[in-house]
Amino acid sequence: MRLDRRTFRWRLVGLALRQVIQAAPLEATLLLLLLALGGLVPVGVLGFTRALVDGLVAGLGEGVWGPWLWWPLLGLALAFALDFLLAPWVAYLQGAVNERLTARVHLLLMDKVGGLPDLTPFENPSFHDELQVLRDQAPYQPLNLLIFLGSAFRGSITVAGVLLLLLSAAPLFPLLLLLATLPQAILTFRLQKGVWEAVLFTAPEARRMRYFAEALLEADTAKEVRLFGLLPFFRGRYLEAFWALYRAVRRARGRQALGASGLVLLGALATAAALFLALRQALSGASGLGNLVLVLQSVGSLQQNLFGLVQDGGMLYESLLYFERLERFLALPPTLRQPPKPREVRSFEEIRFEQVGFTYPDGRRALQDVSFTLRRGERLALVGENGAGKTTLVKLLLRFYDPGEGRILVDGVDLRELDLAAWRRLVAAVFQDFGRYALTLEENIALSDLKHLHDPKRLEEAARAGGAEGLLLRLGPEALLSRAFGGTELSLGEWQRVALSRAFFRQAELLVLDEPTASLDPKEEAHLYARFAELAKGKTVLLITHRLGSVRMADRILVLSGGRLVEEGDHATLLARGGAYAELWRLQADLYSPDLADK
Ligand SMILES: Nc1ncnc2c1ncn2[C@@H]1O[C@H](COP(=O)(O)OP(=O)(O)OP(=O)(O)O)[C@@H](O)[C@H]1O
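Model, not experiment: these values are computed from the prediction.

(A) The arrangement of the packing of aromatic side chains in detail. Per the stated rule, a full pass over the model turns up 16 aromatic pairs. With a centroid separation of 5.2 Å and 70° between ring planes, the pair formed by Phe-233 and Phe-234 is classed as edge-to-face. Centroid distance Phe-348 to Trp-423: 6.0 Å. Interplanar angle 65°. Geometry classified as edge-to-face. Within this pair, whereas Phe-348 is found in the loop between α12 (289-330) and β1 (350-359), its partner Trp-423 is found in helix α14 (residues 420-425), the two being separated by 75 residues in sequence. Residue Trp-423 is classed as buried on the basis of its relative accessible area, which comes to 1%. Cluster of aromatic residues (ring-pair linked, three or more members): Tyr-211, Phe-212, Phe-233 and Phe-234. Cation over ring: Arg-458 sits above Phe-505, and NZ or CZ is 5.2 Å from the ring centre.

Pasting the structure below:
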């Protein structure tokens, strides 16, 4: 990321403020008002103290109380009371705005990423990195922004007010006191920025640290960590990343400490000059004792506020960069071209792949010159070794990506011209990496067609089709799944039955099954395929599987190898041909019984 080293970018403040105001317009405006009022409190204290001292000097020795004492006293009391009064309301509003802003940031990210129609952006490492950073920091950057923007705003009002007050005492005072504190403050800010930049540039290290820590702390990896004794390995990787980050930040911090000391002398000289001037004025009677007290107090107040601004400015800068990143991320253009006038689609007669080729953005060629037709009502099996391109073909069919070459036609119309949502409504799928949601059993199944959530008949039918009827009987539809929220945990095979039931719940025209029985026990697998004809009735089915025993019920089998379609036909034809399919078949059959190999 390119950072401007010279200036604090005010545009960023505008960007972040816009998000704050949009998140909670009323609360944010009130908060700004209260902060401004809070910023004026120290100015009031200084002003009333000056008036009080001048009043005291005028009445010294006479013992008379007059309005010249009452008013400043009252003012001081009010200023202190206001300070106490404002604090809880500022905290209340800050809390309210923070909660709304944090939810807004999450919603913006959810809408952006969840609303992406394709998977191409996930292939881009920088998209991934950005999303990771934005997600990781979403819980605390909004709060940081509010705290530091708030205190910077309040501090600026105080500094401006104090300077104006000093101007009323003598025009030279603000200048001298600014000279005493500003250069040092500016330098500190620059160096502070250096620290933040060091932190930002080492963001990959920070992410690696988090990743290696998680590898040791997460339940997913707990078994392998213990079995293979991986603690020292991941610990070592964590430390490597930690030291890289630590060294960069420590260097920047060292520069900060050194640099700030250099301007101390200049600051001390300017302060001394201001005090000398104020003393001389007081001695000569040119101005009252109140002005001397004002200058004395202002030195402390200005220093405290300016350095507060610097410290907060550094933290604020980081939050501002976060919101700039968020803005840039939200503005990323879509990667999938949507047709200006999408064609409605309610059913299909045939899907045709025409010389389809696809290369992943990282350059990996996954499909090449693939042509075939899938007709309505047909049961097509797709087989081939690992990495042959089977899942990629399904991803193209669902338009998670567009083909690089060739086209996919639905009744002669290019898939790219169809209304994507309408097309996807025609399809139900079980993916290899199906979702396991911490929801009820009923919701887990009905997710594929939420219009029919709470339709017990449909739920039962889908559960029966997917092999989850036993689960439904045993646990009941309301059973919460997943341990994460204190629910029931299922075995992988049971989860797969739920995923299958979800696909059947949708009652779609095209059923895509990508390794649907990988985790099922042999009994359930046999059971599923035994009733396959009934389940597939009226549907078009695309089945991907390595278990060749189950592809025999397909009308046609496509064999993919290295991204190319190498064979096509039914089981008997392909076996008789003695090609790639026959070899795969023989290898598998050999595993079970060498005698079966040629049947
Ligand atoms: N997101 C991706 N980015 C880059 N390459 C990928 C991606 N997904 C898959 N590939 C590559 O594309 C090729 C085809 O992958 P695909 O998942 O389609 O194979 P498959 O036939 O379904 O394999 P399997 O039987 O193992 O599920 C593989 O070599 C794989 O490494």
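(B) Quick look at the UniProt feature "transmembrane region" (unreviewed entry) in the chain. Under the present numbering, the feature "transmembrane region" (unreviewed entry) in UniProt falls on residues 28-48, 68-92, 145-166, 172-191 and 257-279. Split by type, residues 28-48 is 100% helix and 0% strand. Its first and last C-alpha atoms lie 30 Å apart. Along residues 172-191 the backbone is 100% helical and 0% strand, and the end-to-end C-alpha distance reaches 29 Å.

(C) Layout of a nonpolar patch on the surface. On the surface, Tyr-238, Leu-239, Trp-243 and Tyr-246 cluster together into a nonpolar patch covering about 350 Å² of accessible area. Accessibility expressed as a relative area gives 32% for Leu-239, which makes it partly exposed.

(D) Region of the structure containing the sheet that holds β1. If you walk across this open sheet you meet the 4 strands as β2-β1-β4-β5, and the pairing is antiparallel. Where the open sheet ends on each side, the last strands, each with one partner, are β2 (365-375) and β5 (413-414). Summarising the sheet, strand β4 (residues 405-410) and β5 pair through 2 bridges and their orientation is antiparallel. Within the sheet, the bridge partner assigned to Leu-409 lies in β5 and is Asp-414.

(E) Focus on the site of the ligand. Within the structure, the ligand sits among 16 residues, and Arg-364, Gly-387, Lys-390, Thr-391 and Thr-392 are positioned closest to it. A distance of 2.4 Å separates an oxygen atom of the ligand from a polar atom in the side chain of Arg-364. Between the ligand and Gly-389, the relevant distance is 2.9 Å, taken from an oxygen atom to a main-chain nitrogen or oxygen of the residue. When the free accessible area of the ligand is taken as 630 Å², the share hidden by the protein chains comes to 75%. Top element by residues in the shell around the ligand is helix α13 (residues 390-397). It accounts for 4 residues. In terms of residue class, the shell around the ligand is built from 3 nonpolar, 7 polar and 6 charged.

(F) Seen up close, the domain arrangement of the chain. Along its sequence, the chain is organised into domain 1 (10-170), domain 2 (174-286) and domain 3 (352-596). The distance between the C-alpha centroids of domain 1 and domain 3 comes to 56 Å. Of the residues lining the interface, 5 residues belong to domain 1; the matching set on domain 3 comes to 8 residues. Contact between domain 1 and domain 3 buries roughly 500 Å² in total, counting both sides, with carbon and sulfur atoms accounting for 62%. It is Pro-117, Leu-119 and Glu-123 in domain 1 that bury the most area against domain 3; as a group they hold 78% of the surface buried on that side. Where domain 1 touches domain 3, the interface holds 3 residue pairs in polar contact (both at pLDDT 80 or more). Residue composition of the side of domain 1 that touches domain 3, grouped by class: 2 nonpolar, 1 polar and 2 charged.

(G) How the structure looks around the sheet that holds strand β3 (residues 379-383). Spatially, β6-β7-β8-β3-β9-β10 is the arrangement adopted by the 6 strands of the open sheet, whose pairing is mixed. Looking at strand neighbours, the two that pair on one side only are β6 (427-430) and β10 (564-569), the edges of this open sheet. Averaged over neighbouring strand pairs, the angle between their axes works out to 15° when direction is ignored. Here β3 runs beside strand β9 (residues 556-561); their pairing, made up of 4 bridges, is parallel. If you follow Leu-382 over to β9, its bridge partner there is Leu-558. Contacting β3, β7 (510-514), β8 (540-544) and β9, α13 runs over the sheet at an angle of about 150° to β8.

Conventions used here
- Residues numbered from 1 in each chain as written.
- Predicted model: local features only at pLDDT ≥ 70, side-chain atom pairs only at ≥ 80, totals over all residues.
- Heavy atoms only, no water.
- Phe/Tyr/Trp six-rings, centres within 6.5 Å; stacked < 30°, edge-to-face > 60°.
- Helix = DSSP H or I, 4+ residues; strand = E, 2+ residues; numbered from the N terminus.
- Buried < 20%, exposed > 50% of the residue type's maximum accessible area, 1.4 Å probe, protein only.
- Lys NZ or Arg CZ within 6 Å of the ring centre and 35° of its normal.
- UniProt positions renumbered as here; feature names shortened; annotations may be inferred.
- Patch = residues over 30% accessible without salt bridge, like charges linked within 9 Å, V, L, I, M, F, W, Y side chains within 5 Å.
- Areas by Shrake-Rupley, 256 points an atom, 1.4 Å probe, with all protein chains shown as cover.
- Salt bridge = Lys/Arg side-chain N within 4 Å of Asp/Glu carboxyl O.
- Pairing = 2+ DSSP bridges.
- Near = heavy atom within 4 Å.
- Polar contact = N/O pair within 3.5 Å; in protein donor to acceptor, adjacent residues only side chain to side chain.
- Nonpolar A, V, L, I, M, F, W, Y, C, P; charged D, E, K, R; others polar.
- Domains from an automatic or database assignment.
- Contact = heavy atoms within 4.5 Å.
- Buried area = accessible area lost by both parts, 1.4 Å probe.
- Axes fitted to C-alpha atoms, helices over the stretch in contact; angles between N-to-C directions.

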